[in-house]
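Observations on the model geometry
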Amino acid sequence: MSMRTRIKALLRHPDKASLIGQEHTVKGWIKTIRQQKNCTFLELNDGSCFANIQVLISPESAELQKMIEKLSTGCSL
């Protein structure tokens, strides 16, 4: 089980490039969902700051894509 990371901590991290490829657990509420042809973008906010974080759901995650189709803005993840 990975520890929860606050969005505020991710956005204030001094070396954001070092975060690429790492796994983080973020919990929050969906602010927007944009489903594209090849992927889905979620904007998530956890209340730790006013800014949202964008989550990219790739098309290879078929099970996750099906679950996301049932969600709407305001749902918690």
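Presented here is a report on the structure given in the accompanying data block.

Comments concerning the overall build of the chain
Along the chain, the regular secondary structure elements total 2 helices and 3 strands. Order of helices (α) and strands (β) in the chain, N terminus to C terminus: α-β-β-β-α. When its C-alpha atoms are laid out on the principal axes, the chain stretches across 35 × 25 × 25 Å. By the burial criterion, 22% of the 77 residues in the chain qualify as buried. A fraction of 40% describes how many contacts in the chain between residues 6 or more apart in sequence connect residues 24 or more apart. With the model as given, the accessible surface of the chain reaches about 5800 Å², and the carbon-plus-sulfur share is 55%. Charge separation in the chain, taken as the distance between the mean sites of 11 positive and 7 negative side-chain charges, equals 8 Å.

Section: the nonpolar core
With 9 residues, the main nonpolar core is built from I7, L10, L19, I30, L42, L44, I53, I57 and I68. For this core, the elements supplying multiple residues, two or more each, are α1 (7-12), β2 (40-45) and β3 (53-57).

What about the sheet that holds β2?
As summarised here, the arrangement of the 3 strands in space is β1-β2-β3, forming an open sheet in which the pairing is antiparallel. If you trace the sheet from one side to the other, it starts and ends with β1 (29-35) and β3, each paired once. Strand-to-strand twist of the sheet, defined as the mean angle between neighbouring strand axes without regard to direction, takes the value 25 degrees. Bridging between β1 and β2 involves 6 bridges; their strand directions are antiparallel. The partner of W29 across the bridge, within β2, is N45.

Considerations on a nonpolar patch on the surface
The grouping of L64, M67 and L77 at the surface amounts to a nonpolar patch, some 230 Å² of accessible area in total. For L64, a relative accessible area of 32% puts it in the partly exposed group.

Things to note about the pattern of salt bridges
Side-chain pairs of opposite charge can arise whenever the charged atoms involved come near each other. With the rule as written, the count across this model stands at 1 salt bridge. R34 is the partner of E43 in a salt bridge, and the nearest nitrogen-oxygen pair spans 3.7 Å. The class for E43 is partly exposed, based on a relative accessible area of 21%. For R34, a relative accessible area of 31% translates into the label partly exposed.

Some words on the side chain of T5
Position of T5 among the secondary structure elements: in the segment before α1. Looking at T5, the relative accessible area reads 16%, which means it is buried. A distance of 3.5 Å separates a polar atom in the side chain of T5 from a polar atom in the side chain of H24. Dropping the residues within four chain positions of it, T5 is found in contact with L10, H24, T25, V26 and D46.

Reading the values: rules and limits
- Residues numbered from 1 in each chain as written.
- Predicted model: local features only at pLDDT ≥ 70, side-chain atom pairs only at ≥ 80, totals over all residues.
- Heavy atoms only, no water.
- Helix = DSSP H or I, 4+ residues; strand = E, 2+ residues; numbered from the N terminus.
- Buried < 20%, exposed > 50% of the residue type's maximum accessible area, 1.4 Å probe, protein only.
- Contact = heavy atoms within 4.5 Å.
- Areas by Shrake-Rupley, 256 points an atom, 1.4 Å probe, with all protein chains shown as cover.
- Lys, Arg positive; Asp, Glu negative; His and termini not counted.
- Charge placed at Lys NZ, Arg CZ, Asp CG, Glu CD.
- Core = buried A, V, L, I, M, F, W, Y, C linked by side-chain atoms within 4.5 Å.
- Pairing = 2+ DSSP bridges.
- Axes fitted to C-alpha atoms, helices over the stretch in contact; angles between N-to-C directions.
- Patch = residues over 30% accessible without salt bridge, like charges linked within 9 Å, V, L, I, M, F, W, Y side chains within 5 Å.
- Salt bridge = Lys/Arg side-chain N within 4 Å of Asp/Glu carboxyl O.
- Polar contact = N/O pair within 3.5 Å; in protein donor to acceptor, adjacent residues only side chain to side chain.

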